[in-house]
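# Examining the three-dimensional arrangement
Spelled out from the first residue to the last, the chains are:
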Amino acid sequence: MIYDKFKVVITMNDEMLRLSLIELMNKDLLNNFINEIFNYHLREGEYVYMQYKIVSDNIVINIYDNSNSNCFKAYIFTNDDIDNDMKDVYYINVNCCYEKYRNKGTKNKLDLLGALLKEQDNDEKKRIINYIDNDCMKNILLKHFTV
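Residues numbered from 1 in each chain as written. Predicted model: local features only at pLDDT ≥ 70, side-chain atom pairs only at ≥ 80, totals over all residues. Heavy atoms only, no water.

### Quick look at the confidence of the model for the protein chain
Summarising the model, the protein chain shows a mean pLDDT of 88, and 90% of its residues fall at 70 or more. Across the protein chain, helix H6 (residues 135-145) holds the top mean pLDDT of 97, while strand E2 (residues 8-9) sits lowest at 40. (pLDDT = per-residue confidence, 0-100. Helix = DSSP H or I, 4+ residues; strand = E, 2+ residues; numbered from the N terminus.)

### Topic: the environment of Lys126
On the secondary structure map, Lys126 appears in helix H5 (residues 122-129). Once residues within four sequence positions are removed from consideration, Lys126 is found in contact with Leu142 and Thr146. (Contact = heavy atoms within 4.5 Å.)

### Brief notes about the nonpolar core
Core analysis: the largest hydrophobic core is formed by 39 residues, its most contacted members being Phe33, Ile34, Phe38, Ile61, Ile63, Tyr75 and Phe77. For this core, the leading source of residues is helix H4 (residues 109-118), giving six residues. Apart from the residues within four sequence positions on either side, Tyr75 is in contact with Phe38, Tyr40, Ile59, Val60, Ile61, Ile63, Tyr90, Ile92 and Leu110. (Core = buried A, V, L, I, M, F, W, Y, C linked by side-chain atoms within 4.5 Å. Buried < 20%, exposed > 50% of the residue type's maximum accessible area, 1.4 Å probe, protein only.)

### A closer look at helix H2 (residues 30-38)
Most of H2 sits inside the fold, with seven of its nine residues counted as buried. Within H2, the full set of buried residues consists of Leu30, Asn31, Phe33, Ile34, Glu36, Ile37 and Phe38. In the core, the buried residues of H2 are packed alongside helix H1 (14-26), strand E3 (48-55), strand E4 (58-65), strand E5 (71-78), H4 and H6. Once H2 ends, the next one or two residues include Asn39, with phi positive near 60°.

### Let's talk about a negative patch on the surface
Taken together, the side chains of Asp80, Asp81, Asp83 and Asp85 define an acidic patch exposed on the protein surface. Within the secondary structure, Asp80 is located in the loop between E5 and strand E6 (89-93). Since its relative accessible area comes to 47%, Asp80 is described here as partly exposed. (Patch = residues over 30% accessible without salt bridge, like charges linked within 9 Å, V, L, I, M, F, W, Y side chains within 5 Å. Areas by Shrake-Rupley, 256 points an atom, 1.4 Å probe, with all protein chains shown as cover. Salt bridge = Lys/Arg side-chain N within 4 Å of Asp/Glu carboxyl O. Lys, Arg positive; Asp, Glu negative; His and termini not counted. Charge placed at Lys NZ, Arg CZ, Asp CG, Glu CD.)

### Some remarks on the side chain of Asn93
Position of Asn93 among the secondary structure elements: in strand E6. Non-local contacts of Asn93, meaning those with residues more than four positions away in its chain, are made with Thr78, Asn79, Asp80 and Asp81.

### A few points about the packing of H1 against H6
With their axes 9 Å apart at the nearest point, H1 and H6 run at an angle of 145° to one another. Considering only the axes of H1 and H6, their crossing is right-handed. Seen from H1, the contacting residues are Met16, Leu17, Leu19, Ser20, Glu23 and Leu24; seen from H6, they are Met137, Ile140, Leu141, Lys143, His144 and Phe145. (Axes fitted to C-alpha atoms, helices over the stretch in contact; angles between N-to-C directions. Left-handed = near helix turned anticlockwise from the far one by under 90°.)

### Thoughts on the pattern of salt bridges
Applying the stated criterion to the full structure yields ten salt bridges. With its nearest N and O atoms 2.6 Å apart, the salt bridge here joins Glu15 to Arg18. Placement of both Glu15 and Arg18 in helix H1 is noted, with a separation of three residues, approximately one turn of the helix. Between Glu36 and Lys109 there is a salt bridge, with its nearest N and O atoms 2.8 Å apart.

Here you go:
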């Protein structure tokens with residue numbers, strides 16, 4: 001949480017996500033995570049290049065799939081609405097994801113990840129993470145998001 005003179009600004013859980021991604025990669029679960037959350041269809045033996053960075057308080061995940069489709073996609077998790085007409089760049093407003101989760105019970109995994117980046121309550125984080133089907137991935141996310 002960052003305090004400025006006039007208001008409290010809730011930041012995203014970026015460090016929790018970064019640590020989770022590192023452990024997912026180290027345990028050879030990154031492809032499973034990308035398949036489940038980002039709706040990829042990577043098969044055994046196919047890999048992606050993934051870059052994680054923070055740019056202007058936004059979490060940017062670049063994924064380059066060099067298997068069959070040779071596609072590059074950027075997923076930008078932000079606190080703002082950003083108009084976009086680029087085909088392979090996706091702006092995900094974590095506030096909207098959080099509202100979809102809280103008010104409509106979304107089951108969309110990308111929206112759930114956005115809600116997880118916004119959520120501050122550990123019990124609620126656990127409920128969001130429980131939508132993940134893979135127990136190993138679930139345990140890694142629980143470990144890093146519910147500290």
